[in-house]
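Geometric and topological summary
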Amino acid sequence: MEQSTAGTSPSGGGRSGRNLPAAIAVGVGLGAAVIGSLYTRKELFLLLLVAAVGVGVMELVQAFGSRGIKVPAVPAVAAMVAMQAGAYWGGPAWLLGTFVVSVFVLLIWRMFSSGTDGFVRDATASTFLLVYPPLLAGFAALLLRPVDGDNRVLIFIAVTVASDIGGYAAGVLVGRHPMTAISPKKTWEGFAGSVVVCVGVGAWLVSWLMGGQLWQGALIGALAALLATAGDLIESMIKRDLGIKDLGTILPGHGGLMDRLDSLVTTLVPIWLLMSLFF
């Protein structure tokens, strides 16, 4: 999420330049869907995960296609589903195995579908697409596997969302110093806001839901703030390279699903590792 220092927007977003009421409504709706599925039956959350990542994969396939980069959509989505299912029911080995098999499937599919011209370019993009987001998202399924997986996933999502909220609020209110030209609206003040809110939310939730130490939650929160920001910048690089503003329009006030998944997928692996180490 951008941390804006822009002027007033006619779209209702104020200094943010975004349709803030729509963004809040969508965020609340997504949050309700996540919490409802997690604490009703974990497989419902897995279905929600598959649907969200599937839309994100299609957004990237279409974005690549706008620049003449050919990534086969059907096997890419099928590979994503296999990776999530393998991670949830089989564990890390199955996630890795389905990823490797999927890479070869996409390479062979491309080999027989579009000739030799641009094969290395398309094969590289296809492999990248299997990593980002399907392979990374598979660690959400791994977080979900344990008996207390619902709490683990909630903590992961909460600290990542806290990074966006803290960064957005601080960036709008006091943001003055841009972090990087990659994303001019991101500010150091916004990043500081992300860290503060993430550390607080992480310490609280880990202590409450997992019975852990405050420092453990604070460490998870601090790491989430750092990696969520990196995820936003990676997404900005992808969009700048492809010459597009958003990867989709499915979420009013937010853009595409990948515009929301960017920070989530980059925080997943380290948070999964810390959760596995601590609990």
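Now for a look at the structure at hand. Worth saying up front: this structure is predicted, and the values here are computed from it rather than measured. (Residues numbered from 1 in each chain as written. Predicted model: local features only at pLDDT ≥ 70, side-chain atom pairs only at ≥ 80, totals over all residues. Heavy atoms only, no water.)

1. Comments concerning the packing of aromatic side chains
The geometry of two aromatic rings is summed up by the distance between their centres and the angle between their planes. With the rule as written, the count across this model stands at 8 aromatic pairs. Considering the side-chain rings of Trp204 and Trp208, the 5.6 Å spacing of their centres and the 10° angle between planes classify their relative orientation as stacked. Taken together, the residues span about one helical turn, with Trp204 and Trp208 both in helix α7 (residues 188-210) at a distance of 4 residues. In this pair, the class of Trp204 matches that of Trp208, namely exposed. Feature note: the residues Phe64, Phe128 and Tyr132 constitute an aromatic cluster, connected by ring pairs. (Phe/Tyr/Trp six-rings, centres within 6.5 Å; stacked < 30°, edge-to-face > 60°. Helix = DSSP H or I, 4+ residues; strand = E, 2+ residues; numbered from the N terminus. Buried < 20%, exposed > 50% of the residue type's maximum accessible area, 1.4 Å probe, protein only.)

2. Considering helix α5 (residues 119-144)
Under the 1.5 Å per step criterion, the end-to-end length of α5 is 37 Å for 26 residues, consistent within 8% with the ideal 38 Å. Its maximal kink placed at Val131, α5 deviates by approximately 35°, while the proline Pro133 follows within four residues. Of all 26 residues in α5, 19 are buried; the element is thus mostly enclosed. (Expected span 1.5 Å × (residues − 1). Bend = angle between axes of the 7 residues up to and from the residue.)

3. Some words on the packing of α5 against helix α9 (residues 258-278)
At a minimum axis distance of 8 Å, the contact between α5 and α9 shows a crossing angle of 50°. In terms of orientation, α5 and α9 fall into the oblique class. Relative to α9, the crossing made by α5 is left-handed. The segment α5 lies against α9, with Tyr132, Pro133, Leu136, Ala137, Phe139, Ala140, Leu142 and Leu143 engaging Met258, Asp262, Val265, Leu268, Val269, Trp272 and Met275. (Axes fitted to C-alpha atoms, helices over the stretch in contact; angles between N-to-C directions. Parallel < 35°, antiparallel > 145°, perpendicular 65-115°, else oblique. Left-handed = near helix turned anticlockwise from the far one by under 90°. Contact = heavy atoms within 4.5 Å.)

4. Focus: the nonpolar core
Ranked by internal contacts, the top residues of the largest apolar core, which has 65 residues, are Phe45, Leu49, Leu129 and Ile220. For this core, the element with the highest residue contribution is α5, accounting for 13 residues. Not counting residues up to four positions away in its chain, the partners in contact with Leu49 are Gln84, Ala137, Ala140 and Ala141. (Core = buried A, V, L, I, M, F, W, Y, C linked by side-chain atoms within 4.5 Å.)

5. Re a nonpolar patch on the surface
Residues Leu96, Val100, Phe104, Ile108, Met111 and Phe112 make up a contiguous nonpolar surface patch of roughly 640 Å² in combined accessible area. Counting through the fold element by element, Leu96 comes out in helix α4 (residues 92-111). (Patch = residues over 30% accessible without salt bridge, like charges linked within 9 Å, V, L, I, M, F, W, Y side chains within 5 Å. Areas by Shrake-Rupley, 256 points an atom, 1.4 Å probe, with all protein chains shown as cover. Salt bridge = Lys/Arg side-chain N within 4 Å of Asp/Glu carboxyl O.)

6. Section: the pattern of salt bridges
On inspection of all chains with the given rule, the structure shows 5 salt bridges. When the shortest N-O distance is used, the salt bridge between Arg121 and Asp122 registers 2.8 Å. The exposure class assigned to Arg121 is partly exposed, which follows from its relative accessible area of 40%. Asp122 sits in the buried class, given a relative accessible area of 0%. Its salt-bridge partner being Lys186, residue Asp232 comes within 3.1 Å of it at the nearest N-O pair. Separated by 46 residues along the polypeptide, Asp232 in helix α8 (residues 214-242) and Lys186 in the loop between α6 (149-174) and α7 bring together distant segments of the chain.

7. Some remarks on the environment of Thr127
Structurally, Thr127 is set in helix α5. The sequence separation of Thr127 and Val100 amounts to 27 residues, and the corresponding C-alpha distance is 9.6 Å. Sequence-distant contacts of Thr127, that is, excluding residues within four places in its chain, are made with Val103 and Leu107.

Without other data, these values stay purely geometric and don't point to any function.
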